[in-house]
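Structural overview
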Amino acid sequence: GIRIPDWDRILEVSVHAQQCSRLGFAGIDIVIDDKRGPQVLEVNARPGLAIQIANQSSLRTRMERIGNLKVQ
């Protein structure tokens, strides 16, 4: 039930940043600018557990939520 502004654009920017990094797996930190929209803050080669602790949600839980998501 949560709506995130510009979600589709956030996904596009994140995928593009990951592809450019050529890391195979990366954590992409995004900020939303009032004028420019979603912007990459940083690309993490080894995203850690700290974000999972801060969000009180495991990566597994998030992956299960998007497991059947169809992305074009």
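So, a few notes on the structure that sits alongside this text.

Notes on the overall build of the protein
Looking only at helices and strands, one finds three helices and two strands in the protein. Across the 72 residues in the protein, those meeting the buried criterion constitute 14%. Within the protein, contacts between residues at least 6 apart in sequence are counted, and of these 15% link residues at least 24 apart. About 6,600 Å² of surface is accessible on the protein, with carbon and sulfur atoms providing 51% of the total. Across the protein, the mean location of the 10 positive side-chain charges is 5 Å away from that of the 8 negative side-chain charges.

Structural notes on the pairing of strand S1 (residues 27-33)
By the bridge criterion, seven bridges tie S1 to strand S2 (residues 37-44) in an arrangement that is antiparallel. Within the sheet, the bridge partner assigned to aspartate 33 lies in S2 and is glycine 37. The antiparallel pairing of S1 with S2 creates a hairpin that spans three residues between the two strands.

What to know about unusual backbone geometry
With phi around 60 degrees, aspartate 6 is a residue other than glycine that occupies positive phi space. Position of aspartate 6 among the secondary structure elements: in the segment before helix H1 (7-21). The partly exposed category is assigned to aspartate 6, whose relative accessible area is 44%. Its identity as a non-glycine residue notwithstanding, arginine 22 has a phi of 55 degrees, on the positive side. Tracing the chain through its elements places arginine 22 in the loop between H1 and S1.

Some remarks on H1
Here H1 contains 15 residues, and its C-alpha end-to-end distance of 21 Å stays within 8% of the 21 Å for a straight helix at 1.5 Å per residue. Within the sequence span of H1, burial applies to Ile10, Val13, Ser14 and Ala17. Along the long axis of H1, the arc covered by the buried residues comes to 100 degrees, so they all point the same way. Of the residues in H1, the exposed ones pointing more than 90 degrees away from the buried face are Asp8, His16 and Gln19. The inward-facing, buried residues of H1 abut S1 and S2.

Basis of the calculations
Residues numbered from 1 in each chain as written. Predicted model: local features only at pLDDT ≥ 70, side-chain atom pairs only at ≥ 80, totals over all residues. Heavy atoms only, no water. Helix = DSSP H or I, 4+ residues; strand = E, 2+ residues; numbered from the N terminus. Buried < 20%, exposed > 50% of the residue type's maximum accessible area, 1.4 Å probe, protein only. Contact = heavy atoms within 4.5 Å. Areas by Shrake-Rupley, 256 points an atom, 1.4 Å probe, with all protein chains shown as cover. Lys, Arg positive; Asp, Glu negative; His and termini not counted. Charge placed at Lys NZ, Arg CZ, Asp CG, Glu CD. Pairing = 2+ DSSP bridges. Expected span 1.5 Å × (residues − 1). Arc of directions from axis to C-beta.

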